[in-house]
Each structure stands twice: as structure tokens, then as C-alpha cells.
Amino acid sequence: MKINIIILTLFFFFFSKLNAGQIFIIVKNIEEKVGSIHFALYDDPDFFPENDGKKIGFKKDAKEVFEQGVLIKDLKESHYAIAIYHDKNSNDQFDTFFAIPQERYGYSNNAPVFLGPPSFEEASFFVKNDGMTKIEINLR
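Below is a summary of the structure that appears in this document. Since we're looking at a predicted model, the values are computed, not measured. (Residues numbered from 1 in each chain as written. Predicted model: local features only at pLDDT ≥ 70, side-chain atom pairs only at ≥ 80, totals over all residues. Heavy atoms only, no water.)

**Re the packing of aromatic side chains**
Then, in step 1: By the definition in use, this model includes eight aromatic pairs.
Then, in step 2: With a centroid separation of 5.9 Å and 75° between ring planes, the pair formed by Phe48 and Phe120 is classed as edge-to-face. Taken together, the residues span a long stretch of sequence, with Phe48 in the loop between strand S2 (36-42) and strand S3 (56-61) and Phe120 in helix H3 (residues 120-123) at a distance of 72 residues. Each member of the pair, Phe48 together with Phe120, is buried. (Phe/Tyr/Trp six-rings, centres within 6.5 Å; stacked < 30°, edge-to-face > 60°. Helix = DSSP H or I, 4+ residues; strand = E, 2+ residues; numbered from the N terminus. Buried < 20%, exposed > 50% of the residue type's maximum accessible area, 1.4 Å probe, protein only.)

See below:
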């Protein structure tokens, strides 16, 4: 009986991971491989790109992002949007001067920016349960 429970548990664990979506992110135009790249993943258009509304937020070393890209795993099937910025001075803030960005940034779909961030619809893409979605983001 114990063996059946163990096999059943392993079966569900294995197949639940197979039904999870993944996003592979390549960041283009990294001029200097110093500091870190901050990533924010959103699945709710009402909160994009607010800091409090992100589903997942993390940072990675800029050199590592340049060389390897970034993989986000275990996502449910949904529409997502990504916002990133290159924190060259590693102060964990998106530096601006009179609302003008002093650090490079980007959005999924390379969504256009005009007097503010793009809409969720412009930056969003769909991730399937059992697939990997490749996203390229150009820093501007």
C-alpha cells in the first residue's frame, strides 16, 4: 500500500510540472554588464506596471542575464506582461530625474512608450500550460 501511495504521489508531482508554462527572456542592448536587471511579471491588467501588482519580481546579475537569459517556470496558462530595468548602480531603484528615466528599461513585446508606460494589452503575451514562450526585450 505504501508503494502505491509513493508511486501515485510521484506521478502527480511529475505530471503537474509538465502542465506548467515557462517563459524564456532574452534581454537585448545591455551596454554594460554591471549591476543587475530587475524583472517584474504581471498577470493583471489593472496593476500593470505598478510595483504592488506584480505576480513575480526578482533581480539577476546583468552579466548572467546577458550570457544565459532568464527562465521563469511553473506558470499557469494566462496572459502575462513583463517590465524590466537595468539597475547599473545597484541601488535597487529605477532612477529618474524630473520623471526622465536615468536607467535603461523595457517591456515585453517591446511595447511602445509615449509619455508613460504601455498598456497591459500592448505588452501582454499568452503562455500555454505545456509550452515555453520566448520573449526578447530591447532595453531603451
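**Concerning the side chain of Asp87**
Then, in step 1: The topology assignment puts Asp87 in strand S5 (residues 78-87).
Then, in step 2: Look at Asp87: it is buried, it has no salt bridge, and the nearest opposite charge is Lys59 at 5.9 Å.
Then, in step 3: Within the structure, Asp87 has its side chain in polar contact with the side chain of His38 (distance 3.3 Å).
Then, in step 4: Here the side chain of Asp87 touches Asn91 through a polar contact of 3.2 Å, landing on its backbone nitrogen.
Then, in step 5: Among all residues touching Asp87, those that are not within four sequence positions of it are Gly35, Ser36, His38, Asp92, Gln93 and Glu103. (Lys, Arg positive; Asp, Glu negative; His and termini not counted. Salt bridge = Lys/Arg side-chain N within 4 Å of Asp/Glu carboxyl O. Polar contact = N/O pair within 3.5 Å; in protein donor to acceptor, adjacent residues only side chain to side chain. Contact = heavy atoms within 4.5 Å.)

**Here we look at the environment of Ile100**
Then, in step 1: Here Ile100 shows up in strand S7 (residues 100-101).
Then, in step 2: Classification of Ile100 by relative accessible area gives exposed; the value is 52%.
Then, in step 3: Residues Ile100 and Leu115, spaced 15 residues apart in sequence, show a C-alpha to C-alpha distance of 9.8 Å.

**Things to note about the sheet that holds strand S10 (residues 132-138)**
Then, in step 1: Judged by pairing direction, the sheet is mixed, and its three strands sit side by side in the order S4-S1-S10 without closing on themselves. Two strands lie at the open edges of the sheet, namely strand S4 (70-75) and S10, each paired on one side alone. Strand after strand, the sheet turns through a mean of 20° between neighbouring axes, direction not considered.
Then, in step 2: Across four bridges, strand S1 (residues 21-28) lies against S4 in antiparallel orientation. Across the sheet, the residue bridging to Phe24 is Leu71, located in S4. (Pairing = 2+ DSSP bridges. Axes fitted to C-alpha atoms, helices over the stretch in contact; angles between N-to-C directions.)

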